[in-house]
Amino acid sequence: MQRLSKMVTSRSWLLIKHFEGFPKHSDFKLVQRQLPEIKNGEVLLEAQFFSVDPYMRPYSQRSLKEGDLMMGTQVARITESKNPNFPVGGYVVSNSGWTTHSISNGAGLVPLLPEWPEKIPKSLALGTLGMPGLTAYFGLLDVCLMKNGETVLVNAAAGAVGSVVGQIAKIKGGKVVGCAGADDKVAYLKEIGFDEVFNYKTVPSLEEALKKASPNGYDCYFDNVGGEFSSIALLQMKMYGRIAVCGAISEYNDLETSKGPYVQFPLISKELRMEGFLVHRWIKRYDEGLKQLLAWILEGKLKYREHITNGFENLPAAFMGMLRGENTGKAIITV
């Protein structure tokens, strides 16, 4: 397809200063640049939806230099193509970062499921039908090895990953205990079927709240938070319990590494299995996970909620809001 006469201008957010503690708006800079014509084998992408996720906080420190384009995932529409594998009008998930337009040779682009229903928003490819949903699916079923009748504990349970974990556990016949940091989030967890829920910020004792929610302890613990919560939760595990360590958002903005308490004693005394994981381990099984998640959505067994921020210019604010826990469900930014 030939380039239109009008040059394409891309707006991009750069990370101009590595975060020191909690991110600030001054750590970012908005710039514009004109893109060249696409070459054979390339496509032009126009972003439709952006995702902000907790992993971006620690990984930007390790992967980006100051002045680089801020990392991130987007759902984009193909507006021009010289690549037969990606026709014009198609939608893909791309790790193009915080930019409105980009050029790709097709490497790493993931087309949306071909059977994507019209009634399902395409932004869900960044949430329940994307990386967070797959993280929940494989983390609970392949890492925690959750079985029918078991009790599952999930923290940050109203977030993009935790809310899916709890619902899959219910689908698989488990009892689910979830916690969140706001009363409206607790209400949402009740709405989507969690058995026991509490606001960890308002309970007098986290230990007592966990005991009250499941006096006999927990078979599986899906940890999105780390820190003090996990130190207390490990003591509530049943013998031979399994812990899937997905995230440690309580520690991402710390200026100094905290010390202890340590995990060895509960791991040994209760013969627990604790495993950290990244969802890319199951990349060859993504289709399996996505098709099952979509089937559960269409059957009404899996519900979703998106926290929408309008405007590309609001990406840094949405990112910081997500880190503060302002979102219920998946945080999405529209162009």
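Residues numbered from 1 in each chain as written. Predicted model: local features only at pLDDT ≥ 70, side-chain atom pairs only at ≥ 80, totals over all residues. Heavy atoms only, no water.

- You'll find the chain entered in an unreviewed UniProt entry as Prostaglandin reductase 1, with Pleurodeles waltl given as the organism.
- As stated in UniProt under Sequence similarities (unreviewed entry), the record for the chain gives "Belongs to the NADP-dependent oxidoreductase L4BD family." (UniProt positions renumbered as here; feature names shortened; annotations may be inferred.)

Remarks on the nonpolar core
Burial of nonpolar side chains together is a common tendency in soluble globular proteins.
In step 1: Core analysis: the largest hydrophobic core is formed by 50 residues, its most contacted members being Trp116, Leu129, Leu140, Ile168, Leu189 and Leu293.
In step 2: Contributions of two or more residues to this core are made by helix H2 (131-143), strand E9 (151-154), helix H3 (162-171), strand E10 (175-180), helix H4 (183-191), strand E12 (218-223) and helix H8 (286-298).
In step 3: The element that contributes the greatest number of residues to this core is H2, accounting for 7 residues.
In step 4: Not counting residues within four places of it along the chain, the set of residues in contact with Leu189 comprises Ala157, Ala158, Gly178, Cys179, Ala180, Phe194 and Val197.
In step 5: One finds Phe19, Ala47, Met56 and Phe319 within the second-largest nonpolar core, a separate group that totals 20 residues. (Core = buried A, V, L, I, M, F, W, Y, C linked by side-chain atoms within 4.5 Å. Buried < 20%, exposed > 50% of the residue type's maximum accessible area, 1.4 Å probe, protein only. Helix = DSSP H or I, 4+ residues; strand = E, 2+ residues; numbered from the N terminus. Contact = heavy atoms within 4.5 Å.)

Describing helix H1 (residues 56-63)
In step 1: Inspection of H1 places Met56, Arg57, Pro58 and Ser60 among the buried residues, and these make up the whole buried set.
In step 2: Where the residues of H1 are buried, they touch strand E1 (9-15), strand E3 (43-51) and helix H9 (315-324).

Considerations on the sheet that holds strand E13 (residues 237-245)
Adjacent strands of a sheet pair through backbone hydrogen bonds, lying either parallel or antiparallel.
In step 1: Read across the sheet, 6 strands follow the order E11-E10-E9-E12-E13-E14 without closing on themselves; strand pairing throughout is parallel. Every interior strand has two partners, whereas the edge strands, strand E11 (196-199) and strand E14 (273-276), have only one. Ignoring strand direction, the axes of neighbouring strands in this sheet form an average angle of 15°.
In step 2: Where E13 lies against E14, 4 bridges are found, and the strand directions are parallel. The partner of Val245 across the bridge, within E14, is Gly276.
In step 3: The strands that H4 touches are E10 and E11; relative to E11, the one it contacts most, it runs at about 175°. (Pairing = 2+ DSSP bridges. Axes fitted to C-alpha atoms, helices over the stretch in contact; angles between N-to-C directions.)

Concerning the pattern of salt bridges
Side chains bearing opposite charge may pair, as long as their charged atoms lie close to each other.
In step 1: Inspection of every chain in the model, using the stated rule, returns 16 salt bridges.
In step 2: The shortest N-O distance in the salt bridge between Arg305 and Glu191 comes to 3.6 Å. Placement of Arg305 in the loop between H8 and strand E15 (306-310) and of Glu191 in helix H4 is noted, with a sequence separation of 114 residues between them.
In step 3: For Arg305, a relative accessible area of 36% corresponds to the partly exposed category.
In step 4: For Glu191, a relative accessible area of 53% puts it in the exposed group.
In step 5: Between Lys238 and Asp219 there is a salt bridge; the shortest N-O distance is 3.3 Å. (Salt bridge = Lys/Arg side-chain N within 4 Å of Asp/Glu carboxyl O.)

Let's talk about the sheet that holds strand E2 (residues 28-34)
In step 1: Spatially, the 3 strands line up as an open sheet ordered E2-E1-E4, and their pairing is antiparallel. The strands lining the two open edges of the sheet, one partner per strand, are E2 and strand E4 (68-69).
In step 2: In terms of strand pairing, E1 meets E4 through 2 bridges, oriented antiparallel. Pairing of Leu15 across the sheet is with Asp68, part of E4.

Considerations on the packing of aromatic side chains
The relation between two aromatic rings is expressed through the spacing of the ring centres and the mutual angle of the planes.
In step 1: A full pass over the atoms with the stated rule returns 13 aromatic pairs.
In step 2: Judged by centre distance (5.6 Å) and plane angle (55°), the rings of Phe19 and Phe28 are tilted. As far as the burial class goes, Phe19 and Phe28 line up, both buried.
In step 3: One Lys or Arg, Arg62, reaches over the ring of Tyr59 and ends 4.9 Å from the middle of that ring.
In step 4: Lying across the ring of Tyr91, Lys122 places its NZ or CZ 4.9 Å from the centre. (Phe/Tyr/Trp six-rings, centres within 6.5 Å; stacked < 30°, edge-to-face > 60°. Lys NZ or Arg CZ within 6 Å of the ring centre and 35° of its normal.)

Considering the pairing of E9
In step 1: Burial along E9 is two-sided: the face carrying Thr151 and Leu153 and the face carrying Val152 and Val154 are both buried.
In step 2: Bridge count between E9 and E10: 4 bridges; the pairing is parallel. Its bridge partner lying in E10, Val152 is registered against Val176.
In step 3: Handedness of the crossover joining E9 and E10 through H3 is recorded here as right-handed. (Right-handed = clockwise from strand over helix to strand, strands pointing away.)

Considering the packing of H2 against H8
In step 1: Where H2 contacts H8, the two axes come as close as 10 Å, and the packing angle between them is 100°. By the angle between their axes, H2 is roughly perpendicular relative to H8. Contacts from Gly133, Leu134, Tyr137 and Phe138 of H2 reach H8 at Tyr286, Glu288, Gly289, Leu290, Gln292, Leu293 and Trp296.
In step 2: A class-by-class count of the residues in the contact of H2 with H8 yields 7 nonpolar, 3 polar and 1 charged. (Parallel < 35°, antiparallel > 145°, perpendicular 65-115°, else oblique. Nonpolar A, V, L, I, M, F, W, Y, C, P; charged D, E, K, R; others polar.)

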